[in-house]
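# Commentary on secondary and tertiary structure
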Amino acid sequence: MSTLHVFDMDGTLLAGTTASLEIARALDTVPELVALEARFTAGDLDTRGFAQALHRLWRQLTPAVVADAYATSPWLSRIDDVCADIRSRGERSMVITMSPDFFARHLLNRGFDEVVASQFPAPPFAAPIDPSLILTPADKVRIVAAQSDPCVAYGDSMSDAPLSSSPHRDGRRQR
């Protein structure tokens, strides 16, 4: 049996920042994002409400802006080496993030085996957002529980807490 290494993106692989903040910088919508994050922190918005607000805020978003924001983001160093090491041992790597999939999918080019993220319409947003496709912290547990391999999880925030405190099917805690 192989080990699955599960990584959070915002604040973990993205050092000291989030995908949303990096995109907001590129679109010059940082004040609006900060206001949304304050509402989220206060509990006025859940992940689905937050995603819908981003969808409205980022109407002018294009794939080129996303690619630029991704390329200029402060990533943890040696991600590619870590993914290569995991793969060389016959193990797998996965990113699970509540951030938009159109940003997170770029991590597949860094060597991750799988990326699971909140599913947004492709930018520029011509279609409405489907709230049922936006991940919650509990979804991280559900996604990992569906895997058959033991798991090692890497995260940095309260949204990662349910994953690290959830017992694996063999009764051990995932960490």
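Treat the numbers as computed from the prediction; the structure is a model and nothing was measured. (Residues numbered from 1 in each chain as written. Predicted model: local features only at pLDDT ≥ 70, side-chain atom pairs only at ≥ 80, totals over all residues. Heavy atoms only, no water.)

## Structural notes on the overall build of the chain
To be explicit about the condition: Under the scheme used here, helices are H or I runs from DSSP no shorter than 4 residues and strands are E runs no shorter than 2 residues, and both carry numbers assigned from the N terminus. Note on classification: 1.4 Å probe, protein chains only; a residue is buried when its accessible area is under 20% of the maximum for its type, exposed when over 50%, partly exposed between these limits. In this description, contact between two residues means that some pair of their heavy atoms is separated by no more than 4.5 Å. Each accessible area value is a Shrake-Rupley result obtained with a 1.4 Å probe; residue values ignore everything except the protein chains displayed when judging cover.
Helix and strand counts for the chain stand at eight helices and four strands. When the elements of the chain are put in sequence order from the N terminus, they spell out β-α-α-α-α-α-β-α-β-α-β-α. Per-residue burial over the chain gives 49% buried out of 175 residues. The contacts of the chain with a sequence gap of at least 6 include a subset with a gap of at least 24, amounting to 62%. Entry remark: accessible area of the chain is about 8500 Å², with carbon and sulfur atoms responsible for 55%.

## Some points on helix 3 (residues 47–57)
Just so we agree on the cut-off: In protein, a polar contact requires one atom able to donate a hydrogen and another able to accept it; more generally it is a pair of N or O atoms within 3.5 Å, and residues adjacent in sequence count only if both atoms are side-chain atoms.
For helix 3, a buried count of eight out of eleven residues is recorded, marking the element as mostly surrounded by other parts of the structure. Of the residues making up helix 3, those classed as buried are Thr47, Gly49, Phe50, Ala51, Ala53, Leu54, His55 and Leu57. At its buried positions, helix 3 is contacted by helix 1 (19–27), helix 2 (30–41), strand 2 (92–100) and helix 7 (137–145). Its side-chain oxygen at 3.1 Å from the backbone nitrogen of arginine 48, aspartate 46 defines the N-terminal cap of helix 3.

## Looking at the sheet that holds strand 3 (residues 114–118)
Within a sheet, adjacent strands bond to each other through the backbone by hydrogen bonds, running parallel or antiparallel. Test applied: For two strands to be treated as a pair, DSSP must find no fewer than two bridges joining them. Fitted lines through C-alpha atoms give the axes, limited to the stretch in contact for helices. The angle between two N-to-C directions lies from 0 to 180 degrees.
Reading across from one edge, 3-2-1-4 is the order of the four strands in this open sheet, with parallel pairing throughout. The sheet is open, and its two borders are formed by strand 3 and strand 4 (151–154), each paired with just one other strand. Going from strand to strand, the sheet's axes swing by 20 degrees on average, the running direction of each strand aside. Relative to strand 2, strand 1 (residues 4–7) runs parallel, the two being bridged by four bridges. Its bridge partner being in strand 2, valine 6 is matched across the sheet by methionine 94.

## Quick notes on the pairing of strand 1
Going residue by residue along strand 1, you find Leu4 and Val6 tucked away on one face and His5 and Phe7 tucked away on the opposite face as well. As paired strands, strand 1 and strand 4 are joined by four bridges and run parallel to one another. Bridging across to strand 4, histidine 5 finds its partner in valine 152.

## What about the packing of aromatic side chains?
We count it as follows: Working definition: a ring pair exists when centres of Phe, Tyr or Trp rings (six-membered ring for Trp) sit within 6.5 Å. Plane angles under 30 degrees give stacked, over 60 give edge-to-face, the rest tilted.
What the rule picks out here adds up to nine aromatic pairs. For the ring pair tyrosine 70 and tryptophan 75, a centre distance of 4.8 Å and an interplane angle of 50 degrees mean the geometry is tilted. Owing to a relative accessible area of 15%, tryptophan 75 belongs among the buried residues under this scheme. Through successive ring pairs, a cluster of aromatic residues spans Phe7, Phe112 and Tyr154.

## As for the confidence of the model for the chain
Atomic detail in the predicted coordinates should be set aside for any region of low pLDDT. Basically, it comes down to this: For every residue, the predictor assigns a confidence score, pLDDT, that lies between 0 and 100.
On average, residues of the chain score 89 in pLDDT, and 88% of them are at 70 or above. Scored below 50 in pLDDT, residues 165–175 shows 26 contacts in the model against residues more than four places distant or in partner chains.

## As for helix 2
For the record, the criterion: Expected helix span is computed as 1.5 Å times (number of residues minus one).
The end-to-end C-alpha separation of helix 2 is 16 Å, in line with the 16 Å expected for twelve residues at 1.5 Å each. Among the residues trailing helix 2, glycine 43 stands out with phi positive, at a value near 85 degrees.

## Some thoughts on the nonpolar core
Nonpolar side chains in soluble globular proteins generally cluster together in the buried interior. As a reminder, the rule being used: Note on terminology: a nonpolar core comprises buried Ala, Val, Leu, Ile, Met, Phe, Trp, Tyr and Cys residues joined through side-chain atoms within 4.5 Å.
Residues Met9, Trp58, Trp75, Phe102, Phe103, Leu107 and Phe112 are the most contacted members of the largest nonpolar core, which totals 38 residues. Elements supplying a minimum of two residues to this core: helix 1, helix 2, helix 3, helix 4 (63–72), helix 5 (79–88), helix 6 (101–104) and strand 3. With sequence-adjacent residues up to four places away left out, methionine 9 is seen in contact with Leu14, Ala19, Trp75, Val95, Ile96, Thr97, Ser99, Phe103, Ala104 and Leu107. By size, the runner-up hydrophobic cluster in this structure holds ten residues, among which are Ile96, Leu135, Val144 and Cys151.

## Focus: the pattern of salt bridges
Test applied: Salt bridge, as used here: a side-chain nitrogen of Lys or Arg that lies within 4 Å of a carboxyl oxygen of Asp or Glu.
Under the criterion given, the structure shown has ten salt bridges. The salt bridge involving arginine 87 is made with aspartate 113; its shortest N-O contact spans 2.2 Å. With a gap of 26 residues between them, arginine 87 in helix 5 and aspartate 113 in the loop between helix 6 and strand 3 connect regions that are remote in the sequence. Of the charged contacts in the structure, one is a salt bridge between aspartate 149 and arginine 92, with a shortest N-O distance of 3.3 Å.

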